[in-house]
Amino acid sequence: MSDLTADEVQRIIKDEWLTATANWYGPTGRSDRSAWIDRDGDEWVVWEADERAVHYNFSRYGSEAEALDHFLKLARGYKRGDSTAVRRI
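One numbering rule holds for all chains: residues counted from 1, following each sequence as written. Totals for whole chains, interfaces and linings use all residues, but because this is a predicted model, local features are given only for residues with pLDDT of at least 70 and pairs of side-chain atoms are given and counted only at 80 or more. Side-chain measures here rest on the full set of heavy atoms in the structure, leaving out hydrogens and waters.

A. Region of interest: helix 2 (residues 64–84). Put simply, DSSP H or I for four residues or longer makes a helix, DSSP E for two residues or longer makes a strand, and each gets a number counted from the N terminus. For a helix, the expected span equals 1.5 Å multiplied by the residue count minus one. For helix 2, built from 21 residues, the straight-helix expectation of 30 Å at 1.5 Å per residue is met to within 8% by its first-to-last C-alpha distance of 31 Å. The complete set of buried residues in helix 2 reads Ala65, Ala67, Leu68, His70, Phe71, Leu72, Leu74, Ala75 and Tyr78. Only heavy atoms enter the contact rule, under which two residues are in contact if any of them lie within 4.5 Å. As for helix 2, its buried residues are in contact with helix 1 (6–15), strand 1 (22–24), strand 2 (34–40), strand 3 (43–49) and strand 4 (55–61). Accessibility here uses a 1.4 Å probe with only protein chains present; expressed as a share of the type maximum, an area under 20% marks a residue as buried, one over 50% as exposed, and anything in between as partly exposed.

B. Seen up close, the pairing of strand 2. Each pair of strands is called paired provided DSSP finds at least two bridges between the two strands. Two elements, strand 1 and strand 2, share 3 bridges in a ladder whose sense is parallel. Each bridged residue has a counterpart across the sheet, and for Trp24 the counterpart in strand 2 is Ile37. Across 7 bridges, the pairing between strand 2 and strand 3 is antiparallel. The residue of strand 3 that forms the bridge with Asp40 is Glu43. Between strand 2 and strand 3, which pair antiparallel in sequence order, lie 2 residues; one of them, Gly41, sits at a positive phi of approximately 65°.

C. Seen up close, the packing of aromatic side chains. Stacked, tilted and edge-to-face are the three classes applied to pairs of Phe, Tyr and Trp rings, where Trp contributes its six-membered ring and a pair requires centres within 6.5 Å; stacked means planes under 30 degrees apart, edge-to-face means over 60, and tilted covers the rest. For the coordinates displayed, the defined rule picks out 4 aromatic pairs. Ring geometry for Trp24 and Phe71: centres 5.8 Å apart, planes at 50°, overall tilted. With Trp24 in strand 1 and Phe71 in helix 2, this residue pair connects regions lying 47 residues apart in the sequence. In this structure Phe71 comes out as buried when scored by relative accessible area, which is 0%. Summarising the aromatic geometry, the rings of Trp36 and Trp47 are spaced 5.8 Å apart at their centres and angled 10° between planes, so their arrangement reads as stacked. Within this pair, whereas Trp36 is found in strand 2, its partner Trp47 is found in strand 3, the two being separated by 11 residues in sequence.

Structure below.
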């Protein structure tokens, strides 16, 4: 189980330059190819947005630390995808 805190994740987002791929409790990054996290009552919800900014793959957590862990993995994955993307001519 993860023991991440919101402060730690905010620091990681800044240090790893995840600001484009991480939407932190609202639209703070880009709307497409990104990870999202928000709170819904007593739960945290994590989801993804595809290249057309369509939201999918919703996961609900009772633990903030677990939600933050999933969110961070998704944001890092989208950043890795950015670095390997190629432009087709």
